[in-house]
Amino acid sequence: MSPNLTTDRPTFVTHLECSLTGERYAADELHNLSAAGKPLLVRYDLAAVRGFLPRAMVEARATDLWRWRELLPVRRTGNIVSLGEIETPLVPIAKSAGSPNVLVKDEGRLPTGSFKARGLVMAVAMAKELGVTRIAMPTNGNAGAALAAYASRVGIETIVLCPDDTPEVNVREIALQGGRVYRVNGLIDECGAIVAKGAAEGRWFDFSTLKEPYRIEGKKTMGLELAAQLGWKLPDAIFYPTGGGTGLIGMWKAFAEMEALGWIGSDRPKMFAVQASGCAPIVRAFEAGEEHAERWEDAHTIAAGIRVPKAIGDFLILRAVRESGGRALAVGDPAIVQAVTDCARRDGLLLCPEGGATLAAYRQALADGLVDEDDRVVLFNCATGLKYPMPAATATLDKNAPIDWDAL
Ligand SMILES: *Cc1c(COP(=O)(O)O)cnc(C)c1O
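In this text the structure is predicted, and so the values were computed from the model without any measurement.

What follows is about a negative patch on the surface. Residues Asp236, Asp267, Asp372, Glu373 and Asp374 make up a contiguous surface patch of negative charge. On the secondary structure map, Asp267 appears in the loop between helix H10 (246-260) and strand S11 (270-276). On the basis of relative accessibility, which here comes to 62%, the residue Asp267 falls in the exposed class.

Below you can see the structure in the form of structure tokens.
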């Protein structure tokens, strides 16, 4: 077990707050959305954290996710079910990015092979703390896998609904890790509607992204980690593959919290929300100057993790992107495939399609002058590339026949 989990530490959660209206809600009670139907954000007594936890104290700790314990919602360490949530590395990809200043934060190294582990380890710990016994969730694959793993470990029952064309490996890993998984003839928001209906009937607790308050707290650790890894100086730009946007919203929240703690200044990276051109509701709303994003009809892309036609946190994503001076960018599937191929062939790093989308978007942004070659840029690779279909490799060699050595 992580040394960061061997002792109970003081916790600093004061309340929850509606992300639209600011209305306050009690901590330590079960919540989904606010009365206004918007995500709830966890608030901390940051002045008290500032007194208790100097930056140097964090630096002295083991570098896993639980190093940030005082900025996380779980009250009792005993409720945490850990599978070893490590700090993920920043890997330079100078050749395929064309600049030595581009780093990939490789989230594929986390338990269950994706950064969904960050959100779900937190949400499941809170579900345990608050007495939940049955959870349902819609997923495009990776979230369901992380939920099934952590919930099974702690003995919570899970029902997981995914679109019927979800990557096969995801459906099977959910089932093998003890989730009751169903393939639905619809997209993730249509799966979500079924989950919401069952929750309204009291059948289970709804774990949809941003419909429970704690996944965002887990995802926020990406922002905390980045700061620590880069010597408390945030990068110039972040490219984030955006579906529900939990990670982007979470990092933006983390930056504000770190500034309040005196750990960083007021400089912020430009936040680039990257979507696939076959499903780009946030890009469309960004370009139209809208505060909310309409549902994207007939959504399609090989990057399953960002095939989210309608995001409940749309206004939070758009706000963060605009405040940061960033952009929402769409890239086509061919550019995604090209980026994955280049990065694998030239830098030896196997990205997932969503990670490939961030590299494709970086290339586009560089060509359009939105970022500079000298800028320090972080791209998020949110899952291991090993989970996704790869091009066939069909060459064979007959050990009994004469070998054409020069042709090998
Ligand atoms: C879930 C997921 C995303 C999108 O993350 P959000 O924070 O929900 O926007 C991107 N890539 C992969 C691989 C995912 O599993």
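There's plenty left to go through after this.
Turning next to the pattern of salt bridges. In total, this model carries 26 salt bridges according to the counting rule given. For Lys105, the salt bridge goes to Glu225, with nearest N and O atoms at 2.7 Å. Separated by 120 residues along the polypeptide, Lys105 in strand S5 (residues 102-106) and Glu225 in helix H9 (residues 221-229) bring together distant segments of the chain. The class for Lys105 is buried, based on a relative accessible area of 0%.

Our next topic: the sheet that holds strand S7 (residues 157-163). Strands sit in the order S8-S7-S6-S9 across an open sheet of 4 strands; the sheet is parallel. Only two strands of the sheet have a single partner each, and these edge strands are strand S8 (180-184) and strand S9 (205-206). When S7 meets S8, the two strands line up parallel, connected through 5 bridges. Bridge pairing links Leu161 to Tyr182 in S8. Strand contacts of helix H6 (residues 168-176): S7 and S8, with the helix running at about 150° to S8, the strand carrying the most contacts.

Counting buried positions over the 5 residues of S5 gives 5, a clear majority of the element. As defined by bridge partners, strand S4 (residues 90-92) adjoins S5 across 3 bridges and the pair is classed as antiparallel. Paired with Leu90 across the two strands is Lys105, which belongs to S5. Sheet topology note: the S5/strand S13 (residues 377-381) ladder contains 5 bridges and is parallel. Following the sheet pairing, Asp106 is matched in S13 by Asn381.

Attention shifts here to the packing of helix H4 (residues 116-129) against helix H5 (residues 142-154). It is at 9 Å that the axes of H4 and H5 come closest, and there the two elements cross at 40°. At the point where H4 passes H5, the crossing takes the right-handed sense. Here Lys116, Ala117, Leu120, Val121, Val124 and Lys128 of H4 lie close against H5, whose contacting residues are Asn142, Ala143, Ala146, Leu147, Tyr150, Ala151 and Val154.

A few words now on helix H13 (residues 333-347). With 15 residues, H13 should reach 21 Å at 1.5 Å per residue; the first-to-last C-alpha distance of 21 Å fits that figure. Considered for burial, the residues of H13 that qualify are Ile336, Ala339, Val340, Asp342 and Cys343. The buried residues of H13 occupy an angular sector of 165° when the element is viewed end-on, so they sit on one face. Opposite the packed face of H13, turned more than 90 degrees from it, sit the exposed residues Pro334 and Arg345. At its buried positions, H13 is contacted by helix H3 (94-97), strand S12 (327-331) and helix H14 (353-367). After H13 finishes, the residue Gly348 shows a positive phi value of roughly 70°.

Across the 5 residues that make up strand S6 (residues 134-138), a large majority, 4, are buried. With H5 bridging S6 and its parallel neighbour S7, the resulting β-α-β unit is right-handed. Across 2 bridges, the pairing between S6 and S9 is parallel. Bridge pairing in S9 links Ile135 to Phe205.

Rules used in this analysis
Residues numbered from 1 in each chain as written. Predicted model: local features only at pLDDT ≥ 70, side-chain atom pairs only at ≥ 80, totals over all residues. Heavy atoms only, no water. Patch = residues over 30% accessible without salt bridge, like charges linked within 9 Å, V, L, I, M, F, W, Y side chains within 5 Å. Areas by Shrake-Rupley, 256 points an atom, 1.4 Å probe, with all protein chains shown as cover. Salt bridge = Lys/Arg side-chain N within 4 Å of Asp/Glu carboxyl O. Lys, Arg positive; Asp, Glu negative; His and termini not counted. Charge placed at Lys NZ, Arg CZ, Asp CG, Glu CD. Helix = DSSP H or I, 4+ residues; strand = E, 2+ residues; numbered from the N terminus. Buried < 20%, exposed > 50% of the residue type's maximum accessible area, 1.4 Å probe, protein only. Pairing = 2+ DSSP bridges. Contact = heavy atoms within 4.5 Å. Axes fitted to C-alpha atoms, helices over the stretch in contact; angles between N-to-C directions. Left-handed = near helix turned anticlockwise from the far one by under 90°. Expected span 1.5 Å × (residues − 1). Arc of directions from axis to C-beta. Right-handed = clockwise from strand over helix to strand, strands pointing away.

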